Amino acid sequence: MQLTVWTYEGPPHVGAMRIATALEDVHYVLHAPQGDTYADLLFTMIERRAKRPPVTYTTFQARDLGGDTADLFKAAARDAFARFQPKAMLVGASCTAELIQDDPGGLAKALALPIPVVALELPSYQKKENWGASETFYRLVRALAGPHAPAPGTKRPAREPGSRARCNLLGATALGFRHRDDVAEIVKLLDSIGIDVDIVAPLGATAADIARLGEADICVPLYPEIAGQAAAWLAKTFDQKLVRTVPIGVGATREFVAEIAEAAGLDASAILADMPTRAPWYSKSVDSNYLTGKRVFVFGDATHAIAAARIAARELGFTVVGLGTYSREFAREVREAAKLYGIEALITDDYLEVEAKVAELQPELVLGTQMERHIAKRQGVPCAVISAPVHVQDFPARYSPQMGFEGANVLFDTWVHPLMMGLEEHLLTMFRGDFEFHDGAGSSHLGAGKSHAPASVAAEKPDAAQDAPIVVAAPAAAAAPVAPVWAPDAEKELKKIPFFVRGKARRNTERFSVERGVAVITVETLYDAKAHFGR
């Protein structure tokens, strides 16, 4: 293990906590010392859950190590069953308790509890949180749905004529990034196609729901890091259709609709012809010219990082200069995605490596986790969060999915607005001496010839020594200044400035040139004027 200030993932037993907390009637008994009991903080303070997570700790202390810690675990498991009456129980050890090798699975089996008990062997010093969540969900699915599996090679019976296809949405967990809203969006989308969602698991599911996961026709792992392994087993064991496309972004959502409609034997042309999203208009608008080619750095879990890079490049016209993940189990997929953009993937769980890469690439937008948010802030770069790990501000009270057509709208707003606000700040700085931004900088087109000097200056009363009239001779008529000529390279550079401020940039540069007697405006003159008005 590595001692660090920040970490992208916790130990694997935190992943098991996320599965247990997402379920309705499953309890997790964790063999852990005092100090490892922080589940309440994770789920009530960060995710704002209204109830405590279903986790019971043995909470042994240093003085207990000289006695029988196995008895402590058995007592904790027995008491948890009596108090909470779960329909299934998960048992395991934290990273510290793993060292004393008490075998929670064997101890729980010896108790002969009248419910399914799933023993978790999560190697804390080799694996991390997402792997722990995936392994826990897989073991739970096999333990509860396995007894209902048909004989190997059995074909699924055909649906009754006129009945709607049923699918399961898998992978949404507690402490997941926008999982609640993603599920709601995809359920609504599938209903519009004509497909019923039978079970969402583990989020909101019961032990009985897990047991009947094999009844659905279609299996959809929305988050492959969590549900990929369990979904593959369900599809193979119960002869279910497996839909692998993750619907993040307009293009991926269209592909998802087409894939799941084909699996259900439906025609999705109507829903694809009338996409309920406002994001694509941007690529057809004049405004998109400003953001075309913006350099973006992407980092997060594999699913969200790959999707974000695709959206950035194909749907928003950005240039992806960096792509990486901390999900080592999906390093191959991220490397393949990076090849599409002619770059090398960054596979690391060290945020200092990520920070060094951002500093090297100097992107204009960072799409990442809460760690990248801090990294970007220190480097003065706009950032949008696209992936866990996240902080409390990324569990909004409002509806804010990442998936589906509405998710595409949310992503557009979240990514484009930081860049547009950055443009606004840049323009205010560049033209703050202009009459439209500064009261004392001259007349405005709203009131030609009117003075914009502050009222306090205009109304200032002269002192006694200045009461006498002062006669000032009229200045001689000045010769009209000769308008400077623009060099071709300067004109070309001027065209790179967004059209809605290009005229102002031209006027300011010409005024700057006239005041300094510059006859020919070059690229250097243009940037000198920019620096002058941006002081």
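Whatever comes next refers back to the structure up there.
Definitions and limits used
- In this convention, every chain numbers its residues from 1, walking through the sequence in written order.
- For this predicted model, a pLDDT threshold of at least 70 governs which residues receive local features, and a threshold of 80 or more governs which side-chain atom pairs are given and counted, while totals over whole chains, interfaces and linings are taken from all residues.
- Side-chain calculation: all heavy atoms of the structure are included, whereas hydrogens and water are not.
- Following DSSP output, two strands are said to pair if at least two bridges run between them.
- The way it works is that DSSP assigns letters per residue, a run of H or I at least four long becomes a helix, a run of E at least two long becomes a strand, and they are numbered from the N terminus.
- We call two residues in contact when some of their heavy atoms are within 4.5 Å.
- Simply put, an axis is a line fit to the C-alpha atoms, just over the touching stretch for a helix, and the angle between two N-to-C directions goes from 0 to 180 degrees.
- Each residue is placed in one exposure class: buried if its accessible area under a 1.4 Å probe, protein chains only, is under 20% of its type's maximum, exposed if it is over 50%, and partly exposed if it falls in between.
- With strands facing away from the observer, any crossover in which the path from the first strand over the helix to the second runs clockwise is taken as right-handed.

Student: Could you give an account of the sheet that holds strand E8 (residues 241–242), naming the residues involved and the relevant values?
Tutor: One open sheet accounts for 4 strands, arranged E6-E5-E7-E8; its pairing is parallel. Only two strands of the sheet have a single partner each, and these edge strands are strand E6 (195–202) and E8. Across 2 bridges, the pairing between strand E7 (residues 218–221) and E8 is parallel. Residue pairing for E8: Cys219 is matched across the bridge by Leu242. Across the sheet, helix H9 (residues 250–264) touches strand E5 (165–172), E6, E7 and E8, and the angle it forms with E7 is around 160 degrees.

Student: Help me get a handle on the environment of Phe137, residues and values and all.
Tutor: Turning to its location among the elements, Phe137 is positioned in helix H5 (residues 129–145). For Phe137, a relative accessible area of 0% corresponds to the buried category. Between the C-alpha atom of Phe137 and that of Gln229, which follows or precedes it by 92 residues, the distance is 8.7 Å. In this structure Phe137 touches Ile19, Leu170, Ala201, Pro202, Ile210, Ile226, Ala227 and Ala230, once residues within four positions along its chain are discounted.

Student: Please give an account of the side chain of Asp181 that cites residues and values.
Tutor: Within the secondary structure, Asp181 sits in helix H6 (residues 179–193). Of the residues examined, Asp181 reaches a relative accessible area of 5% and is grouped as buried.

Student: Could you give an account of unusual backbone geometry, naming the residues involved and the relevant values?
Tutor: In the segment running from Ala201 into Pro202, the intervening peptide bond is cis, with an omega of 5 degrees. Locating Pro202 in the fold gives a position in strand E6. The omega angle of the peptide bond from Ala388 to Pro389 is 5 degrees, so this bond is cis rather than trans. With respect to the helices and strands, the residue Pro389 is situated in the loop between strand E13 (383–385) and helix H17 (404–430). Its identity as a non-glycine residue notwithstanding, Arg178 has a phi of 60 degrees, on the positive side. Structurally, Arg178 can be placed in the loop between E5 and H6.

Student: Just give me the short version of the pairing of strand E9 (residues 295–300), but keep the residues and values in it.
Tutor: Among the 6 residues of E9, 5 are classified as buried, and the element is accordingly described as predominantly covered. In terms of strand pairing, E9 meets strand E10 (residues 319–325) through 6 bridges, oriented parallel. Following the sheet pairing, Val296 is matched in E10 by Val320. One crossover worth recording links E9 to the parallel E10 by way of helix H13 (residues 302–315), and it is right-handed. Bridge analysis of E9 against strand E12 (residues 365–368) gives 3 bridges, and the strand direction is parallel. Residue pairing in the sheet places Val296 in a bridge with Leu365 of E12.

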